[in-house]
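Spelled out, the chains give:
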Amino acid sequence: MASSSSSSPNLLTLIVDITPSTWGQRKIIRSAKDKALAAKNKSSAGPATLMDDVLTAILALGVSFSCLNRDNALVVIAATEYEAAVIYPRKGGEGCMEDVVMGGSSGACGERVDAGLLNDYLRLGVAELINRAAERSEKLNAELGNDKEKSQSSSTPNKGAVIASALSIALCTINRFMVAHHAGVSALADTSYSSQRKDDEGILALMGGKSGSSKQQQQQAQNEARGMLSSRALIIQASQDRTSDYNALMNCAFAANKSDIVIDGCFIPSGVQEDPKSSPFMEQIVDQTKGVYLSVPSGAAQVGGALSEVLMSVFLPPPNIRSNMNLPKLNNVDFRARCFETGESIDVAQICNQCLSIFKVKPKDRCLTCGAKVKKRSSSTGGSKRLKVS
């Protein structure tokens, strides 16, 4: 369906970190702080909780986004430490993915985002994923408890959410929308579009653009003139980065940049001194795709509806008007790689030539990521920092 407004339709893909251990810990901290403040007749000072603050803010952002253009579409992907899944729209039933991709028939404002369905599906999907994560954790703990040798030798698992898997799902979903928006025909077969670019061919050339805000604005203007769908993603993360996902995240960032997909990042810190206050991986992704990154201030900025205001003020405006707004900017991004074992930023590293995992210290027997056997190299071949594996 063609949009009646002057602006082109947009697709917003939300990736939400719902790791149970992270949000469970914050709920305990929040309860303790609220009791102490209530005794002094003071309001809550955070941190944000998943059900009361984050999902409410996402609901407000989704409904507001749908009102910008009647053809705007919204997809929400939730991620735990074990899996990632699309929770809105749900597979089958009312408001399924097929209906969202193809659009409705009434033409009313925000018809692709039903506020009631969005609220129900968000809470239902989050509850399902959290329950599955809890069951899997209990099963894993029981197995490790029965096998003492395995529990002693096993390394500490990643506590962060599978953001790399969720971002991969988001890019695949965006591609599905792009194909559907061209009447089910891939842009790769449309020579009228691909012939307009000389530096590349196919759908990546159609959607891509060289780095720089001016190039992005020119490409977005061309897309708007042709009525093409404009896509972007927003990652809302609360847990620490998974060091083993670094390569996958960077590959997703390169693919998104080539396809002219803007990725925004929002990190919600807990306010605890020992916990991370930002996400270095997400900073690199946002910088690579020319998006907007914000680490939400701790305290009252996360509670009482303030988080909704933050998300709508910073991430609701489409990329083509952000140059005229005073939005947060990334000035100091740490581009150093991180050790897959310790998570430390490193300048010189050992690299597995099988899976390209990065380590500060050479593993003794096997690569900790892919399990490839490490071969000992003679001292005469010195100078190389790449592991030799079988």
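Structure shown above.
The shown structure was predicted, so the numbers you read here are calculated from the model rather than taken from an experiment.

Some details on the overall build of the protein chain
So, step 1. Helix and strand content of the protein chain: twelve helices and eleven strands.
So, step 2. In the protein chain, which comprises 390 residues, the proportion classed as buried is 45%.
So, step 3. In the protein chain, of all internal contacts separated by at least 6 residues, the share reaching a separation of at least 24 is 71%.
So, step 4. Just so you have it, the protein chain exposes about 19500 Å², and 50% of that area is on carbon and sulfur atoms.

Side note on empty space enclosed by the protein
So, step 1. In this structure the tally under the stated criterion is four cavities of 30 Å³ or more.
So, step 2. In this model, the second largest cavity occupies a volume close to 80 Å³.
So, step 3. Residue contributions to the lining of the second largest cavity peak at three residues, all from helix α11 (residues 280–289).
So, step 4. Taken together, the residues of the lining of the second largest cavity sort by class into six nonpolar, three polar and three charged.

Regarding helix α1 (residues 20–38)
So, step 1. Given a rise of 1.5 Å per residue, 19 residues ought to cover 27 Å, and the 26 Å separating the end C-alpha atoms of α1 matches this to within 8%.
So, step 2. Taken together, the buried positions of α1 are occupied by Thr 22, Trp 23, Arg 26, Ile 29, Arg 30 and Leu 37. Each buried residue of α1 sits inside an arc of 125 degrees when the element is viewed along its axis, so together they form one side. Opposite its buried face, α1 presents the exposed residues Lys 27, Ile 28 and Lys 35, each directed more than 90 degrees away.
So, step 3. Summarising the contacts, the buried residues of α1 are in contact with β1 (10–17) and α2 (50–68).

Details of the pairing of strand β2 (residues 73–79)
So, step 1. When you tally the buried positions in β2, you get seven out of seven residues, the bulk of the element.
So, step 2. Here β2 shows two buried faces, one formed by Ala 73, Val 75, Ile 77 and Ala 79 and the other by Leu 74, Val 76 and Ala 78.
So, step 3. Direction of pairing for β1 relative to β2: parallel, over a ladder of seven bridges. Its bridge partner being in β2, Val 16 is matched across the sheet by Ala 78.
So, step 4. When β2 meets strand β3 (residues 84–88), the two strands line up antiparallel, connected through four bridges. Across the sheet, the residue bridging to Ala 79 is Ala 84, located in β3.
So, step 5. Counted along the chain from β2 to the antiparallel partner β3, the turn is four residues long.

Let's talk about the packing of aromatic side chains
So, step 1. For the structure shown, the criterion picks out two aromatic pairs.
So, step 2. Summarising the aromatic geometry, the rings of Tyr 246 and Phe 281 are spaced 5.0 Å apart at their centres and angled 55 degrees between planes, so their arrangement reads as tilted. Taken together, the residues span a long stretch of sequence, with Tyr 246 in helix α10 (residues 246–258) and Phe 281 in helix α11 at a distance of 35 residues. Taken as a pair, Tyr 246 and Phe 281 share a single burial class, namely buried.
So, step 3. Between the NZ or CZ atom of Arg 90 and the centre of the ring of Tyr 121, over which it lies, the distance is 6.0 Å.

Overview of unusual backbone geometry
So, step 1. A cis amide bond, omega -5 degrees, links Tyr 88 with the succeeding residue Pro 89.
So, step 2. Here Asn 41, not a glycine, exhibits a phi torsion of approximately 60 degrees, which is positive.
So, step 3. With respect to the secondary-structure elements, Asn 41 resides in the loop between α1 and α2.
So, step 4. The phi torsion at Asp 260 lies on the positive side, around 60 degrees, for a residue other than glycine.
So, step 5. Positionally, Asp 260 belongs in the loop between α10 and β5 (262–267).
So, step 6. Take Asp 260: its relative accessible area is 12%, and that puts it in the buried class.

What counts, and where the lines are drawn
Residues numbered from 1 in each chain as written. Predicted model: local features only at pLDDT ≥ 70, side-chain atom pairs only at ≥ 80, totals over all residues. Heavy atoms only, no water. Helix = DSSP H or I, 4+ residues; strand = E, 2+ residues; numbered from the N terminus. Buried < 20%, exposed > 50% of the residue type's maximum accessible area, 1.4 Å probe, protein only. Contact = heavy atoms within 4.5 Å. Areas by Shrake-Rupley, 256 points an atom, 1.4 Å probe, with all protein chains shown as cover. 1 Å grid on protein atoms, 1.4 Å probe; cavity = no way out; pocket = protein on both sides within 12 Å on 5 of 7 lines; lining within 4 Å. Points joined across faces, edges and corners; volume = space filled by probe spheres on them. Nonpolar A, V, L, I, M, F, W, Y, C, P; charged D, E, K, R; others polar. Expected span 1.5 Å × (residues − 1). Arc of directions from axis to C-beta. Pairing = 2+ DSSP bridges. Phe/Tyr/Trp six-rings, centres within 6.5 Å; stacked < 30°, edge-to-face > 60°. Lys NZ or Arg CZ within 6 Å of the ring centre and 35° of its normal.

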